[in-house]
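The residues making up each chain are set out below.
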Amino acid sequence: MLTIKNLHASIDGKEILRGINLEVKAGEVHAIMGPNGSGKSTLSSVLAGREDYDVTEGEVIFNGKNLLELSPEDRAREGVFLAFQYPVEIPGVSNVNFLKTAINEIRAYKGLDPMEAKDFLALVKEKQKLVELDGKLANRSVNEGFSGGEKKRNEIFQMAMLEPKLAILDETDSGLDIDALRIVAGGVNKLKSKDNATIVITHYQRLLDYIVPDFVHVLYKGQIVKSGTKELALELEEKGYDFIKEEIGA
Amino acid sequence: MNTIEKLTTTDKIFKLLDSNSSNHWGEEARVVAKEAFLKQGIPSRKHEEYRYLNLELLLKDDFLVTSSKTLTCDEIAHTQVLKNAIVIVIENGKYVEGHSKITLPKGLKIIDISKASSDVIFQKQFAKFADVNTDAFIAMNTAFATGGVFVHVEKNAIIEQPIHIIHISAASESLLVNVRNLIVVEENAQAKFIESFETILPNTVKIITNALTEILVQSNAIVEHNKIQNESKLSGLINTTQVYQKKKSVFTTNNFTLSGSFVRNNLNIVLDDEYIESHLNGLYLTRNNQTVDNHTLVDHRKPNCNSNELYKGIIDDKSSATFNGKVYVRKDAQKTNAFQSNKNILLSDDGTINTKPQLEIYADDVKCSHGTSTGKLDEDKIFYLRARGLSEASAKKLLMHAFASEVVEFITIEELKNYIETKISERFE
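In this text, all values refer to a predicted model and were calculated from it rather than measured experimentally.

A. Quick look at unusual backbone geometry. A positive phi is found at Asn188(B), a non-glycine position, where the angle reads about 60 degrees. Within the element layout of this structure, Asn188(B) appears in the loop between strand E6 (175-185) and strand E7 (190-200).

Have a look at this one:
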């Protein structure tokens, strides 16, 4: 589904990603872990198409398409979803109205007619249950005045509404207490299928107790320095990131 | 050279208006106002309050003061935005009963201002609030107004239907209109008003409207005053709203400038008693070569009053907008709460925004604040929306609409709110 080859990216002339290689297949869950400043969030931003970053080398193929050539909206329409680490507040834009616009623009891209209002409302009802999002929150302005946990739940709610092929969760666990973490992880798990894939970016292992990865990769100084199965995450938790630094002789 | 030109414009306008003046209602005020007009003259760009406007250029044409065009019902129909309202139509500066829709509820009186001279309340309140010595356009209007309405809301009356005053002008030659209204809302009464401004004209001539509305809000009265400025290209509007509030009254004004090549708003509110509330809200959406200039003055004269002001603008192309908001808190006005905010989005590199919030505080126990911001649309918000599949254009549209909606929310007439929302949507298509 997703193939990242030798990806280099920089911001303001400073190279952050220095040759990332990654293969994600449908049905898989990949965790990308790494210390602060290793390039985790840069990777998610580059995949989503944030224009502040310059891709200087490498390629990203998503279902046969060159992802890096697509605008952020076309990436979303092709089925890439980024759950933001820091979801922005957008006063005055109602959550459901914006999702309706999003869904209908995605449908138009695929040559489909707009969704019927009643179908849309039924979908909202169904999906907000998934992340136990209060009906009132769904109707409020996007993230305005939401708590940290509500913002993250809202990200997963949007993900549920848009049904992406590839979901990238950027430190979705940061700032979440254990109850909220369970709800968010539960939502992600319910959305998992053999046809979609998930990349979980996290600093800590805890989230991976709830969203169990098939593969774990360690990102360090802009490169994936070690890959393994879920046991690698436990080892990291136990020994800390220093053991990776020692192992690769950094 | 400049001085000569300035005299010429003022003299030319004075001569034109004076020689065509056949109106004698409010005669006493007219005499004083003529002198005040000549003394002040049309303000040049050196005048502190008019420095961003080129009035001489605006007024250099040869104007008529009466139009030969009359409007048909069809031409007026589209201006009636509410299904259920008391509609007052003022054409080319004169009240036209035939086009108005007036079924007077108990407690409401609407009189052609040119025939109101025998009314006792009119005699007592007319031209008592807008001071001819403070502004040349107040003086011009008081000296040469051709018509308008006097609206009176009786003590304790609650007028459920909104009262919509439509100012509409049509011309085939350049036209200068001076139109005047007086609204008096008596003790413990309530009413909601809309004043809208429209013009119909070919692309070769212009209509300049100098409109002045005085509003007296007596104690415990609640008044909402909405303005829709939606004039066609080449139209110029100088619109003064002069408000005087008494004890425990609440006054809200929501001003929407949607089009017109030149709009100057002078909004002056005097809070001359205790426990008064005033809300001033404005939205201006400018483009092309439009000039929109909002001057507001909130004068806190007595203790324990609140004023809240929010003006927002979206400036595109080569248009220019000015916000100049003054708040006076006089020595007696202890425990005043006065807040003011002006926010702008600049969409183009050639647009201009001049913003000047001014607080002058002479009391020592007050809470006052003002803030202003000008910027482009927030890139992080645009990216967030695009990452969900919205095109860049729809993301921007949604954000501009959201920015503007904050002001629309202050309207309490649901139908009007929807109308303005639609206008804003059309604008960002």
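B. Summary view of empty space enclosed by the protein. Residue and element names in this part refer to chain B. All told, the structure shown has five cavities of 30 Å³ or more when counted by the stated rule. Approximately 60 Å³ is the volume attributed to the largest cavity. Contributing to the lining of the largest cavity are Glu48, Glu49, Tyr50, Arg51, Tyr52, Arg264, Asp293, His295, Thr322, Asn324 and Lys356. For the lining of the largest cavity, the per-class residue count stands at two nonpolar, three polar and six charged.

C. Molecular detail of the pattern of salt bridges. In total, this model carries 38 salt bridges over all chains according to the counting rule given. One salt bridge in this structure joins Lys376(B) and Asp349(B), with 3.7 Å as the shortest N-O distance. Here the residue Lys376(B) occupies a position in the loop between strand E19 (367-375) and helix H7 (379-386), and Asp349(B) occupies one in the loop between strand E17 (337-346) and strand E18 (352-361), the gap between them amounting to 27 residues. The class for Asp349(B) is exposed, based on a relative accessible area of 72%. Members of the salt-bridge network, linked through shared partners, are Glu51(A), Glu73(A), Arg386(B), Glu392(B) and Lys396(B).

D. Focus on the domain arrangement of chain B. Residues and elements named next belong to chain B. Annotation of chain B at the domain level lists domain 1 (2-273) and domain 2 (377-429). Computed from C-alpha coordinates alone, the two centres of domain 1 and domain 2 are separated by 31 Å. Across the boundary between the two partners, domain 1 contributes 15 residues, which contact twelve residues of domain 2. Of the roughly 1,200 Å² buried at the junction of domain 1 and domain 2 (both faces included), carbon and sulfur atoms supply 66%. Contact with domain 2 buries area across many residues of domain 1, yet Val81, Phe256 and Leu258 alone supply 38% of it, more than any other trio. Linking domain 1 to domain 2 there are zero salt bridges. For the pair domain 1 and domain 2, the number of links is three residue pairs in polar contact (both at pLDDT 80 or more). Elements supplying a minimum of two residues to the side of domain 1 that touches domain 2: E7, strand E9 (222-230) and strand E11 (250-259). The element that contributes the greatest number of residues to the side of domain 1 that touches domain 2 is E9, accounting for four residues.

E. Fine view of the pairing of E9(B). Residue and element names in this part refer to chain B. The buried fraction of E9 amounts to eight of the nine residues, a majority that puts the element mostly inside the structure. Relative to E9, E7 runs parallel, the two sharing eight bridges. Looking at the pairing, Phe193 lines up with His225 of E9. Sheet topology places E9 next to E11; nine bridges connect them, and they run parallel. Each bridged residue has a counterpart across the sheet, and for Gln229 the counterpart in E11 is Thr257.

F. Focus on the packing of aromatic side chains. Enumeration over the complete set of coordinates arrives at eleven aromatic pairs over all chains. Between Phe122(B) and Phe126(B), the aromatic rings sit 4.8 Å apart at their centres with planes inclined by 20 degrees, giving stacked as the arrangement. A relative accessible area of 3% means that Phe122(B) is categorised as buried. On the basis of relative accessible area, Phe126(B) is assigned to the buried category, the value being 8%. In this structure an aromatic cluster arises from ring pairing among Phe84(A), Phe98(A), Phe383(B) and Tyr384(B). A cation over a ring is seen here: Arg264(B) above Tyr50(B), with NZ or CZ 3.9 Å from the ring centre. Cation over ring: Arg388(B) sits above Tyr384(B), and NZ or CZ is 5.0 Å from the ring centre.

G. Looking closely at the sheet that holds strand E2 (residues 94-95) of chain B. Residues and elements named next belong to chain B. If you walk across this open sheet you meet the ten strands as E2-E1-E5-E7-E9-E11-E13-E15-E17-E19, and the pairing is mixed. In this open sheet, the two strands that pair with only one neighbour each are E2 and E19. For strand E5 (residues 163-170) and E7, the ladder comprises eight bridges, and the chain directions are parallel. Residue Ile166 lies in a different strand from E7, and its bridge partner there is Ser196. Contacts between helix H8 (residues 392-408) and the sheet are confined to E11, strand E13 (277-286), strand E15 (306-315) and E17, with E15 contributing the most and set at about 150 degrees to the helix.

H. Structural context of the interface of chain A and chain B. In this assembly, 31 residues from chain A lie in contact with 16 residues from chain B. On the chain A side of the contact with chain B, Glu73(A), Phe84(A) and Phe98(A) bury the most area, a combined 25% of that side's loss. Inspection of the chain A/chain B interface yields four salt bridges. Salt-bridge contacts for Glu155(A) lead to Arg388(B); the nearest nitrogen and oxygen are separated by 2.7 Å. Counting across the interface, chain A meets chain B through 13 residue pairs in polar contact (both at pLDDT 80 or more). At five residues, the largest contribution of residues to the side of chain A that touches chain B is made by helix H3 (residues 95-109) of chain A. In terms of residue class, the side of chain A that touches chain B is built from 18 nonpolar, six polar and seven charged.

I. Expanded view of the pairing of strand E16 (residues 320-329) of chain B. Residues and elements named next belong to chain B. With respect to burial, E16 is a largely interior element, nine of its ten residues being buried. Sheet topology note: the strand E14 (residues 291-300)/E16 ladder contains ten bridges and is parallel. Paired with Val292 across the strands is Ala321, a residue of E16. One ladder, built from ten bridges, connects E16 with E18; its direction is parallel.

Thresholds applied
- Residues numbered from 1 in each chain as written.
- Chains lettered and ligands numbered in written order.
- Predicted model: local features only at pLDDT ≥ 70, side-chain atom pairs only at ≥ 80, totals over all residues.
- Heavy atoms only, no water.
- Helix = DSSP H or I, 4+ residues; strand = E, 2+ residues; numbered from the N terminus.
- 1 Å grid on protein atoms, 1.4 Å probe; cavity = no way out; pocket = protein on both sides within 12 Å on 5 of 7 lines; lining within 4 Å.
- Points joined across faces, edges and corners; volume = space filled by probe spheres on them.
- Nonpolar A, V, L, I, M, F, W, Y, C, P; charged D, E, K, R; others polar.
- Salt bridge = Lys/Arg side-chain N within 4 Å of Asp/Glu carboxyl O.
- Buried < 20%, exposed > 50% of the residue type's maximum accessible area, 1.4 Å probe, protein only.
- Domains from an automatic or database assignment.
- Contact = heavy atoms within 4.5 Å.
- Buried area = accessible area lost by both parts, 1.4 Å probe.
- Polar contact = N/O pair within 3.5 Å; in protein donor to acceptor, adjacent residues only side chain to side chain.
- Pairing = 2+ DSSP bridges.
- Phe/Tyr/Trp six-rings, centres within 6.5 Å; stacked < 30°, edge-to-face > 60°.
- Lys NZ or Arg CZ within 6 Å of the ring centre and 35° of its normal.
- Axes fitted to C-alpha atoms, helices over the stretch in contact; angles between N-to-C directions.

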